[in-house]
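Observations on the three-dimensional arrangement
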Amino acid sequence: MFYAKLAFQNIRKNKQAFLPFLLSMIFLTALNTLMLMVANDPGLAKLQGAEAITQLFGFGSVIVLIFSVVFATYTETILNKQRKNELGLYNVLGMGKRELYKLTFFEKVINLVITIVLGVTSGVIFSRLAYLIIKKLMGIGSEFKFTLNTSILMLTILFIAGVYAWLYLINAFNIFKSDPIELLHAEQKGEKEPKAKWFLALVGLVTLIWGYWIALTIKSPVSAVTNFFIAVLLVIIGTYLIFTAGSIVVLKLLRKNENYYYNVKHFIPVSGMIYRMKQNAVGLASICVLSTMVLVTVSTTAGLFFGANDQVQQAFPRDIMISSEKPLTKLEQVAKNYATKEDVKLSDMQYIQTSQSLLFTKKANDFKAADRMNYSVSNVDKAANVVLISLSEYNTLTKDNLTLTKPNDIFMYTTTQNYPEKTMILNGHKYQIKQQQVNKLKDTGLLNASPVDSYIVIMKDQKQIEGLLKELYKTKETAAYLAPAYQLNFNIELKDQAKRKAFIRGLSKEFAKTADKQWYSFQDKDSYRESVKRFDGGFFFLGIILGIAFLLATTLIIYYKQVSEGMDDRKRFVILQKVGMDEAEVKRVIHSQIMMVFIFPLAFAMLHVAFAFPLIKKMLVLFGITNWQLFLVVTLVVALIFSILYYVVYQLTARVYYRLVER
């Protein structure tokens, strides 16, 4: 009972150290409660595309679990560092290591009880709010509703208890390897001036530039995905090396610059940071990396969410899209008859015959036919999709009147802006491009957002197309590419959503009755819009949750850093005041030092995001987002909001530093 009372007294009297730790653990408990309840909601299994949505939230809950363990370990390390002097005093006063084990055990038990009671309670409350937000973002109906899942609550409690057990083991290990005298005089122990590690600083710079180079030189969205994590790893390594080694090199170079260094505004901040940059740098690098994670996570998911309409319109320029390898004239008549029967008007009807989407490997203007089934991912940067269409089909489709006089003349429409060539070579056949960017094909659906460059080639007639295809695909394995592709697209003039859904369901059933054994693909914009809204809305919600988690981690690291530095700097500034520096000069020096420290992580985070932008922009093409201007605006808005929050956190935590230094 004695140890329990002493533990409670320690927590109550040492609020400055324990309160941020408790708040972070309560937040992590609430966050895990929320994510696990959403991920395991029975209503998710009933949604259209349930498997993808369930995997999305399941993946998010795993990330939050891992983040919780890592961040709880970090906060425990900081807490132990702040309490070294206190534990050393207990040891000197007669408490052996066994008694310290008991004391810290009861401290952890008290913290655990507080964490579970407040964390689970707030988690349940915020879960109810989260359900309303998810419903709004994802457009989900009554099937997704808040239910208090006791098994999930028990799982959360067991997980948090396991985290506390892990933290107690860390604490016990630190006590086991500690020396009481060293603990007692930990804060009085001076630090040696760190050496300027030029090699590590150079490695950090090279690693960072390498990561930036990968981000800037990626050509295709597929290779962007495969290289994203490599670039991220290189940037993280480079960031830590630059902050730990490069910062000391820069500070020592500043010290050699007499005009800069021997100035009251620069002398104390530079000299102070040189001596403590070893412990400072890791915290600053962590702030930079976490800030970058907040910016990238939220801006990417927000870009997906706010670009959903563009995504839908890119994939579905018409309400109904039907495709087959056989003529669709019979299904076209079925659609017209059913629309007349239901008194529904069909508009903007398109009937298109083209080749199938053909895969080529390109080098400059030279295109070589490739088998899609046996294509290597390593060649994806050189890949291109090509669709062939006859001139007469194009003129009928667009109501245009283009002409081609020579057999080897072609028109081209392409999704890429980087095709400067005047000719196109398809397996040895050289074609002269008479005109590029025939924009009338943009709303046909023939060129959806693709991870590789896509081209529509308009040839003189269908006979020429068939002859070229027979030359390209001579084997049994590639014979399927010889079949033409037919597409029927049209709009439905109905605004009432319930009536639209009923009409689309009825039309689909009518097609199924008529088509016999004909294979065809039936897709509608309304269903696709719902699935996109659910996926993008869920992704955006997940981005917000992870962004908040990373922001909390950033805030707490900044807070702990201010407290730690304030305690270290207090005696130093007292001495400076005694030797003649007035209070106004002290405040100016403190402000200069804090600004120097906290501008760097934010500036580097913004730099990271700027170089990551081209890479993320290409990755978003895989989701159908090609409007990079919208993504740029979203990224800038997120960066502005984060900068304001960062400044608020800086101002609040700076006050803690001022109070400690001026005490």
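1. What about the packing of helix H2 (residues 15-39) against helix H6 (residues 150-176)?
It is the contact of H2 with H6, at a shortest axis distance of 9 Å, that shows an interaxial angle of 145°. With respect to the hand of their crossing, H2 and H6 are arranged in right-handed fashion. Note on element contacts: H6 touches H2 through Ile152, Leu153, Leu155, Thr156, Phe159, Ile160, Val163, Tyr164 and Leu167, opposite Phe21, Leu22, Met25, Thr29, Asn32, Thr33, Leu36 and Met37. In the contact of H2 with H6, the residues fall into 13 nonpolar, 4 polar and no charged.

2. Points about the sheet that holds strand S10 (residues 485-492)
Here 4 strands make up an open sheet; going across it, the order is S2-S10-S1-S11 and the pairing antiparallel. Both outer strands of the open sheet, strand S2 (346-354) and strand S11 (520-524), are each paired with one neighbouring strand and no more. Neighbour to neighbour, the strand axes of the sheet diverge by 10° on average, direction disregarded. Inspection of the sheet shows strand S1 (residues 320-324) paired to S11 by 5 bridges, in the antiparallel sense. What sits directly across from Met321, in S11, is Gln523.

3. Considering the pattern of salt bridges
Enumeration according to the criterion identifies 5 salt bridges in this entry. In this structure, the salt-bridge partner of Lys368 is Asp366, at a minimum N-O distance of 4.0 Å. Taking the relative accessible area as the measure of exposure, Lys368 reaches 44% and is therefore partly exposed. Of the charged contacts, one joins Lys501 and Glu530 as a salt bridge, the two residues approaching to 2.7 Å between their closest N and O atoms. Remark: Glu530 occurs in helix H17 (residues 525-578) and Lys501 occurs in helix H16 (residues 497-514); sequence separation between them is 29 residues. The class for Glu530 is partly exposed, based on a relative accessible area of 25%. Among the charged side chains, a network of salt bridges with common partners joins Asp319, Arg500 and Asp526.

4. Side note on a nonpolar patch on the surface
A surface patch of nonpolar side chains, amounting to about 410 Å² of accessible area, comprises Phe105, Val109, Val113, Val117 and Leu118. When you line up the elements, Val113 lands in helix H5 (residues 97-138).

5. Some words on the side chain of Thr156
Here Thr156 lies in helix H6. Since its relative accessible area comes to 0%, Thr156 is described here as buried. A distance of 2.9 Å separates a polar side-chain atom of Thr156 from the backbone oxygen of Ile152. Those residues in contact with Thr156 that lie beyond four places of it in its chain are Thr29, Asn32, Thr33 and Leu36.

6. Some thoughts on the environment of Phe229
Tracing the backbone shows Phe229 in helix H9 (residues 221-256). Taking relative accessible area as the criterion, Phe229 reaches 62% and is therefore assigned exposed. In sequence terms Phe229 and Gly211 are 18 residues apart; their C-alpha atoms lie 9.8 Å from each other.

7. Re the confidence of the model for the protein
Mean pLDDT over the protein: 77, with 75% of residues reaching 70 or higher. When pLDDT is averaged over each element of the protein, S10 comes out on top at 88 and helix H7 (residues 180-184) at the bottom at 52. For the stretch residues 186-190, pLDDT sits under 50, and the model shows 3 contacts to residues farther than four places along the chain or on other chains.

8. Thoughts on the nonpolar core
Counting residues in each nonpolar core, the largest one holds 98 residues, and the members touching the most others are Met25, Phe57 and Phe541. With 14 residues, H17 is the largest single contributor of residues to this core. Non-local contacts of Phe541, meaning those with residues more than four positions away in its chain, are made with Leu34, Phe57, Ala130, Ile133, Ile134 and Leu137. Of all hydrophobic cores here, the second largest spans 22 residues; its members include Met424, Ile433, Met459 and Leu472.

9. Structural notes on helix H15 (residues 462-472)
Burial in H15 covers these residues: Gln464, Ile465, Leu468, Leu469 and Leu472. Around the axis of H15, the buried residues are gathered within 135° of arc, so they sit on the same side. Those residues of H15 that are exposed and aimed more than 90 degrees away from the buried face are Lys463 and Lys470. The N-cap residue of H15 is Asp461: its side-chain oxygen and the backbone nitrogen of Lys463 are 3.3 Å apart.

10. Some words on the packing of helix H13 (residues 329-341) against H16
The geometry of H13 relative to H16 is characterised by a closest axis approach of 10 Å and an angle of 140° between their N-to-C directions. Taken as axis vectors, H13 and H16 run oblique relative to one another. Our pair here, H13 against H16, has a crossing hand that is right-handed. Judged by residue contacts, Lys330, Leu331, Val334, Ala335, Tyr338 and Ala339 of H13 engage Ala502, Phe503, Gly506, Leu507, Glu510, Phe511 and Thr514 from H16.

11. A short note on the environment of Gly543
Following the sequence through the fold, Gly543 ends up in helix H17. Beyond its immediate chain neighbours, meaning those up to four positions away, Gly543 contacts Thr297, Val298 and Thr301.

12. Some details on the packing of aromatic side chains
Overall, the coordinates contain 17 aromatic pairs when judged by the stated rule. Their ring planes at 80° and their centres at 5.7 Å tell us that Phe105 and Tyr168 sit as a pair that is edge-to-face. Here the residue Phe105 occupies a position in helix H5, and Tyr168 occupies one in helix H6, the gap between them amounting to 63 residues. Between Tyr338 and Phe503, the ring centres sit 5.2 Å apart and the planes meet at 35°, which makes this aromatic pair tilted. With a gap of 165 residues between them, Tyr338 in helix H13 and Phe503 in helix H16 connect regions that are remote in the sequence. These aromatic residues form a ring-pair network of at least three members: Phe105, Phe106 and Tyr168.

Conventions and cut-offs
Residues numbered from 1 in each chain as written. Predicted model: local features only at pLDDT ≥ 70, side-chain atom pairs only at ≥ 80, totals over all residues. Heavy atoms only, no water. Axes fitted to C-alpha atoms, helices over the stretch in contact; angles between N-to-C directions. Helix = DSSP H or I, 4+ residues; strand = E, 2+ residues; numbered from the N terminus. Left-handed = near helix turned anticlockwise from the far one by under 90°. Contact = heavy atoms within 4.5 Å. Nonpolar A, V, L, I, M, F, W, Y, C, P; charged D, E, K, R; others polar. Pairing = 2+ DSSP bridges. Salt bridge = Lys/Arg side-chain N within 4 Å of Asp/Glu carboxyl O. Buried < 20%, exposed > 50% of the residue type's maximum accessible area, 1.4 Å probe, protein only. Patch = residues over 30% accessible without salt bridge, like charges linked within 9 Å, V, L, I, M, F, W, Y side chains within 5 Å. Areas by Shrake-Rupley, 256 points an atom, 1.4 Å probe, with all protein chains shown as cover. Polar contact = N/O pair within 3.5 Å; in protein donor to acceptor, adjacent residues only side chain to side chain. pLDDT = per-residue confidence, 0-100. Core = buried A, V, L, I, M, F, W, Y, C linked by side-chain atoms within 4.5 Å. Arc of directions from axis to C-beta. Parallel < 35°, antiparallel > 145°, perpendicular 65-115°, else oblique. Phe/Tyr/Trp six-rings, centres within 6.5 Å; stacked < 30°, edge-to-face > 60°.

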